[in-house]
Amino acid sequence: MQEISTIQQMKDWSRQSRNNEQRLGLVPTMGFLHEGHLNLVRHSLAQCDRTVVSIFVNPIQFGPGEDLARYPIDLERDKKLLADLGVDAVFIPKKDELVPPDMNTFVQVENLTEHLCGHSRPEFFRGVTTIVLKLFHIVQPDVAIFGEKDRQQLEVVRKMIEDLNLDIQIVGLPTIRESDGVALSSRNSYLSPEERESARSIVQALESGKSLILNGETSAEIVKNQMRSVIASRTGTRIDYISVCDPRRFGEIQRIENPVMLAMAVHIGNTRLIDNYLVEKNSCKEPC
Ligand code: AMP
């Protein structure tokens, strides 16, 4: 596996792949890899001739007081996991090269970033889209793979691709979960055993919301109240948002008729976790 740390080296490597007409897959990550990331990587390996995984803890997607300074990093472990899978290149850019202090250009997808995580973290999506677009220009992949765990991010990236006429196929893959349903996240490493137990309330709330809808409930308010009560029944939890919304544009829904997204961000102690389910009346895209 090629380890690449400069933008020029990454561009040269990618140009070589393109010259050889190799289909290139990119999996952008912030590292501290888990099975959720590795599932995206496996998909790229299966669908593309060459796979690049980027690891970059993106400073401009963190707001003041968020967890940038303590975000978990273990590059040696990550590199071993990726090499063992057969990844062709890992791109670990230097912060000052990818985000130079005098950088003045940022990318902002409007409207769908006003809701959910965009509402709670006003700088978040601008930081994500700016860095993802830079990675797309540097790597020039044919395919880029993202997780539905961050469904809003996935749709925001899709909208950016559409609006800016980029020729990149965006693939979204289902959320990988622990055996008790808790979504895998690098941030789960912050949780104490008691907090890890409380984190189960997130998936339990989503399950209870889903079953209300599948049993015919059409009031989003009733579904949200039910989900809120599941979270509130656990100690050490604080709801950031709970939403029943349109799964592509994220506006709140009052009456549930079409497929909806149940989404939430919950603080478990000092750790903010997000999760979502896509629920359709007659079927369910998340673990049923
Ligand atoms: P991150 O390193 O958290 O920025 O995530 C990098 C990519 O992995 C994003 O596309 C995430 O949506 C995806 N991802 C993170 N956790 C999971 C998970 N549990 N299941 C599937 N994809 C995930």
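Residues numbered from 1 in each chain as written. Predicted model: local features only at pLDDT ≥ 70, side-chain atom pairs only at ≥ 80, totals over all residues. Heavy atoms only, no water.

Here we come to the sheet that holds strand S5 (residues 143-147). Spatial ordering of the open sheet is given by S1-S4-S3-S2-S5-S6, a layout of six strands whose pairing is parallel. Unpaired on one side and paired on the other, strand S1 (2-4) and strand S6 (169-173) mark the two borders of the sheet. This sheet shows a mean twist of 25° between the axes of neighbouring strands, independent of strand direction. Of the strand pairs in this sheet, strand S2 (residues 24-29) and S5 are connected by two bridges, and their pairing is parallel. Opposite Gly-25, over in S5, you have Val-143 as the bridge partner. Its contacts with the sheet put helix H6 (residues 124-139) on S2, strand S3 (50-55), strand S4 (89-91), S5 and S6, and the angle it makes with S2 is roughly 150°. Contacts between helix H7 (residues 151-163) and the sheet are confined to S5 and S6, with S6 contributing the most and set at about 170° to the helix. (Pairing = 2+ DSSP bridges. Helix = DSSP H or I, 4+ residues; strand = E, 2+ residues; numbered from the N terminus. Axes fitted to C-alpha atoms, helices over the stretch in contact; angles between N-to-C directions. Contact = heavy atoms within 4.5 Å.)

Looking at the ligand, there are 16 residues lining it, with Met-30, His-37, Asp-150, Ile-176 and Leu-184 nearest. At 2.6 Å from an oxygen atom of the ligand is found a side-chain nitrogen or oxygen belonging to Asp-150. A distance of 2.8 Å is found between a nitrogen atom of the ligand and a backbone nitrogen or oxygen belonging to Leu-184. Protein contact buries 92% of the 490 Å² of open area that the ligand shows by itself. Among the elements of the structure, S2, helix H2 (35-47) and S5 are those that each provide at least two residues to the shell around the ligand. Ranked by residues supplied to the shell around the ligand, first place goes to H2 with three residues. Classifying every residue of the shell around the ligand gives seven nonpolar, seven polar and two charged. (Near = heavy atom within 4 Å. Polar contact = N/O pair within 3.5 Å; in protein donor to acceptor, adjacent residues only side chain to side chain. Areas by Shrake-Rupley, 256 points an atom, 1.4 Å probe, with all protein chains shown as cover. Nonpolar A, V, L, I, M, F, W, Y, C, P; charged D, E, K, R; others polar.)

Attention now moves to the side chain of Asp-78. Among the secondary structure elements, Asp-78 is positioned in helix H3 (residues 75-85). Reaching out from Asp-78, the side chain makes a polar contact with the backbone nitrogen of Phe-32 at a distance of 2.8 Å. The contact partners of Asp-78, leaving out residues within four places of it in the chain, are Gly-31, Phe-32, Leu-33 and Ile-55.

Burial runs high along S5: five of the five residues are buried. Sheet analysis places S5 next to S6, joined by five bridges and oriented parallel. Its bridge partner being in S6, Phe-146 is matched across the sheet by Gly-172. Read as a crossover between parallel neighbours, the route from S5 over H7 to S6 is right-handed. (Buried < 20%, exposed > 50% of the residue type's maximum accessible area, 1.4 Å probe, protein only. Right-handed = clockwise from strand over helix to strand, strands pointing away.)

Enumeration according to the criterion identifies two aromatic pairs in this entry. Ring centres of Phe-62 and Tyr-71 lie 5.9 Å apart, and the angle between their planes is 75°; this geometry places the pair in the edge-to-face category. The buried category is assigned to Phe-62, whose relative accessible area is 5%. Their ring planes at 65° and their centres at 4.8 Å tell us that Phe-124 and Phe-125 sit as a pair that is edge-to-face. Overall, Phe-125 belongs to the buried group, its relative accessible area being 3%. One Lys or Arg, Arg-126, reaches over the ring of Phe-106 and ends 3.9 Å from the middle of that ring. (Phe/Tyr/Trp six-rings, centres within 6.5 Å; stacked < 30°, edge-to-face > 60°. Lys NZ or Arg CZ within 6 Å of the ring centre and 35° of its normal.)

Shape is all these values report; function is a separate question.
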